[in-house]
Amino acid sequence: MQDFIMIHPSDKVAVALRPLEQGMTLQVGDVGVELLEEIPQGHKFALTDMEAGEPVIKYGARIGYAKEAIRKGAWVHVHNLRTALGEVLEYQYEPDYRPVEMQESAVFQGYKRADGQTGIRNEIWILPTVGCVNSVARAIETRARSEYALGTGVEDIIAFQHPYGCSQMGEDQENTRKVFADMIHHPNAAGVLVLGLGCENSNIPVLMEYIGSYDAKRIKFLQCQDVENEIEEALGLIGQIYEEARGDKRTCCPASDLVIGMKCGGSDGLSGITANPVVGAFSDLLIAQGGTTILTEVPEMFGAETLLMNRCRDEKTFQATVELINDFKNYFIRHDQTIYENPSPGNKKGGISTLEDKSLGCTQKSGSAPVCGVLQYGERVKEKGLNLLSAPGNDLVASTALAVSGAQMVLFTTGRGTPFATLVPTMKIASNTALADFKADWIDFNAGRIVESKTMEEAAQELFALVLDTASGRKVKSEAAGFHDIAIFKQGVTL
């Protein structure tokens, strides 16, 4: 394993790939660098002397300014590096992307739906319209799992608990209703029982306007206040869905049917070197097959947004991306919050110093394909290729947003580790081998091998194969553990 990596030829810092001791002399190209202090794994050290106020370059881009003079070989982190970012900005469209060379050959075994969508799971979902019936939904799930054979045909029965659906106003309430409607139409669901209470703001009659047309054999509704025994009534409705869905079979589907969400959480100094770039390389492979990927976490695009803007396929997409970025900045401003509060304590511990540092690593997940679409929160994906989605960086909220926009699976990169999963299979990709080994029950793919034994191309091909296997029915670790969570973007007042 190499000791460090200089990511771009113009960089003024390099990243330690293992803990480096004070006094070590490293050969960086033609230059020797003696380390003036201990450098933790994932952290940066200076390759040259820098004056106070001088730009610090990583990924070939500015990640901030030196707070003070920094000597060659010094540790570069939050104590001597500050963000260079400002507030809401104006941008110019300067196209800089290469067209994708299309190739179609990869396939997986999925479920073709009557509405033209393709699912990678055949599950029955129980969706409460309000948190008041969460416990009822869980009781129904437990009974239904014991009464109906699972595995072939219907693969699982899942109740999604949440605190939403009532005492919400304005945009909050709209978000909740859009998310519920998107879940009801999600292709991974063989059928859905919508479980209402009856007196909530987002009750079943109100939701019907958002749901639109649906398959009455697979989508059932129950309002608990209207029946004497809601659990028995619900089991009867689930039985009807089960009988309809039990004969569903996987069939050969092209990779172009896949929609994959991309998210990172608990990043470390290797995330932008291993895990995020390999997901970006995967994204390019899938898009070359005619498939679709979705990138979100808008606050973690700040500082790297111009790289995405200049990859927009046309002026219209560019303008939509500008609005995506500036609308999210204005959201922070409206709530009197600092736009550049990121990175988190965990990020800093892992070696990320500024939001630009984090964002330039985060956006590596987008690969090199042109940006073809920009989605509002709760909006379903329409364009093949790379899409940007408006959602925050919060792990559960962003992952749920990816799923309800149409992602059948989420690739989740992490340098710190996390057990959670959203409503679709959530594949955990470790940035470092230590994490992959230590939390083997959480991690599905070890991208840390890229700095040890694997080339980026080899790792991307392995990840692509794993995604196809997962789409064909192989369970990811969190799914096998039975973890399923949803979180909706909350922006306003609770009554």
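Refer to the structure printed above.
Some details on the overall build of the protein chain
Part 1 of the argument: The helix and strand tally for the protein chain stands at 13 helices and 23 strands.
Part 2 of the argument: What you see for the protein chain is a C-alpha radius of gyration of 24 Å, in line with the 23 Å of a compact globule of 495 residues.
Part 3 of the argument: Overall, the protein chain is about 75 × 45 × 40 Å in size when its C-alpha atoms are taken along their principal axes.
Part 4 of the argument: Sorting the 495 residues of the protein chain into buried and exposed places 57% on the buried side.
Part 5 of the argument: When contacts within the protein chain are restricted to residue pairs at least 6 apart in sequence, those whose partners lie at least 24 apart make up 71%.
Part 6 of the argument: Accessible surface for the protein chain amounts to roughly 19500 Å². Of this, 49% is attributable to carbon and sulfur atoms.
Part 7 of the argument: Seen as two clouds, the 46 positive and the 65 negative side-chain charges of the protein chain have centres 2 Å apart.

Thoughts on the packing of aromatic side chains
Part 1 of the argument: In this structure the tally under the stated criterion is 14 aromatic pairs.
Part 2 of the argument: Taken together, a centroid distance of 6.0 Å and an interplanar angle of 75° make the contact between Phe4 and Phe45 edge-to-face. Taken together, the residues Phe4 in strand S1 (residues 4-5) and Phe45 in strand S5 (residues 44-46) connect sequence positions 41 residues apart. Phe45 matches Phe4 in its accessibility class, with the two residues each being buried.

Description of the sheet that holds strand S14 (residues 189-196)
Part 1 of the argument: Within the open sheet, the four strands sit side by side as S13-S12-S14-S15. Their pairing is parallel. Edge positions in the sheet fall to strand S13 (156-159) and strand S15 (219-223), since each has one partner strand and no second. Between one strand axis and the next, the sheet turns by 15° as a mean value, whatever way the strands run.
Part 2 of the argument: Sheet topology note: the S14/S15 ladder contains five bridges and is parallel. Bridge pairing in S15 links Leu193 to Lys220.
Part 3 of the argument: Where helix H2 (residues 170-184) meets the sheet, it contacts strand S12 (123-128), S14 and S15, and its direction lies at approximately 160° from that of S12.
Part 4 of the argument: Docked against the sheet, helix H3 (residues 204-211) engages S14 and S15, running at close to 155° with respect to S15.

A closer look at the sheet that holds strand S6 (residues 55-58)
Part 1 of the argument: Taken in spatial order, the three strands make up an open sheet running S6-S7-S9, and their pairing is antiparallel. Looking at the sheet topology across the chains shown, the edges are occupied by S6 and strand S9 (81-82).
Part 2 of the argument: Sheet analysis places strand S7 (residues 61-66) next to S9, joined by two bridges and oriented antiparallel. Bridge pairing in S9 places Ala66 opposite Leu81.
Part 3 of the argument: The sheet strands contacting helix H9 (residues 355-362) are S6 and S7, and the helix crosses S7 at an angle near 165°.

Focus: the pattern of salt bridges
Part 1 of the argument: One pass over the full model with this rule turns up 27 salt bridges.
Part 2 of the argument: Residues Arg138 and Glu141 are paired through a salt bridge, measuring 2.8 Å at the closest nitrogen-oxygen approach. Here Arg138 and its partner Glu141 are both found in helix H1 (residues 134-147), three residues apart, which amounts to about one turn of the helix.
Part 3 of the argument: A salt bridge links Asp248 to Arg218, with the nearest nitrogen and oxygen atoms 2.9 Å apart. Highlighted residues: Asp248 in the loop between helix H4 (230-245) and strand S16 (251-254) and Arg218 in the loop between H3 and S15, separated in sequence by 30 residues.
Part 4 of the argument: Residue classification places Asp248 among the buried positions, given a relative accessible area of 17%.
Part 5 of the argument: The buried category is assigned to Arg218, whose relative accessible area is 16%.

Comments concerning a nonpolar patch on the surface
Part 1 of the argument: Among the surface-exposed residues, Met169, Val493 and Leu495 lie close enough to one another that they form a single nonpolar patch of about 310 Å² accessible area.
Part 2 of the argument: Position of Met169 among the secondary structure elements: in the loop between S13 and H2.
Part 3 of the argument: Taking the relative accessible area as the measure of exposure, Met169 reaches 41% and is therefore partly exposed.

Thoughts on H4
Part 1 of the argument: The terminal C-alpha atoms of H4 lie 22 Å apart, and with 16 residues this matches the ideal 22 Å at 1.5 Å per residue to within 8%.
Part 2 of the argument: When we look at burial in H4, the residues that qualify are Ala234, Leu235, Leu237, Ile238, Gly239, Ile241, Tyr242 and Ala245.
Part 3 of the argument: A distance of 3.2 Å separates the backbone nitrogen of Ile231 from a side-chain oxygen at the start of H4, and that oxygen is part of Asn229.

Conventions adopted
- Residues numbered from 1 in each chain as written.
- Predicted model: local features only at pLDDT ≥ 70, side-chain atom pairs only at ≥ 80, totals over all residues.
- Heavy atoms only, no water.
- Helix = DSSP H or I, 4+ residues; strand = E, 2+ residues; numbered from the N terminus.
- Rg over C-alpha atoms; globule rule 2.2 N^0.38 Å.
- Buried < 20%, exposed > 50% of the residue type's maximum accessible area, 1.4 Å probe, protein only.
- Contact = heavy atoms within 4.5 Å.
- Areas by Shrake-Rupley, 256 points an atom, 1.4 Å probe, with all protein chains shown as cover.
- Lys, Arg positive; Asp, Glu negative; His and termini not counted.
- Charge placed at Lys NZ, Arg CZ, Asp CG, Glu CD.
- Phe/Tyr/Trp six-rings, centres within 6.5 Å; stacked < 30°, edge-to-face > 60°.
- Pairing = 2+ DSSP bridges.
- Axes fitted to C-alpha atoms, helices over the stretch in contact; angles between N-to-C directions.
- Salt bridge = Lys/Arg side-chain N within 4 Å of Asp/Glu carboxyl O.
- Patch = residues over 30% accessible without salt bridge, like charges linked within 9 Å, V, L, I, M, F, W, Y side chains within 5 Å.
- Expected span 1.5 Å × (residues − 1).
- Polar contact = N/O pair within 3.5 Å; in protein donor to acceptor, adjacent residues only side chain to side chain.

So yeah, pure geometry; function would need other evidence.
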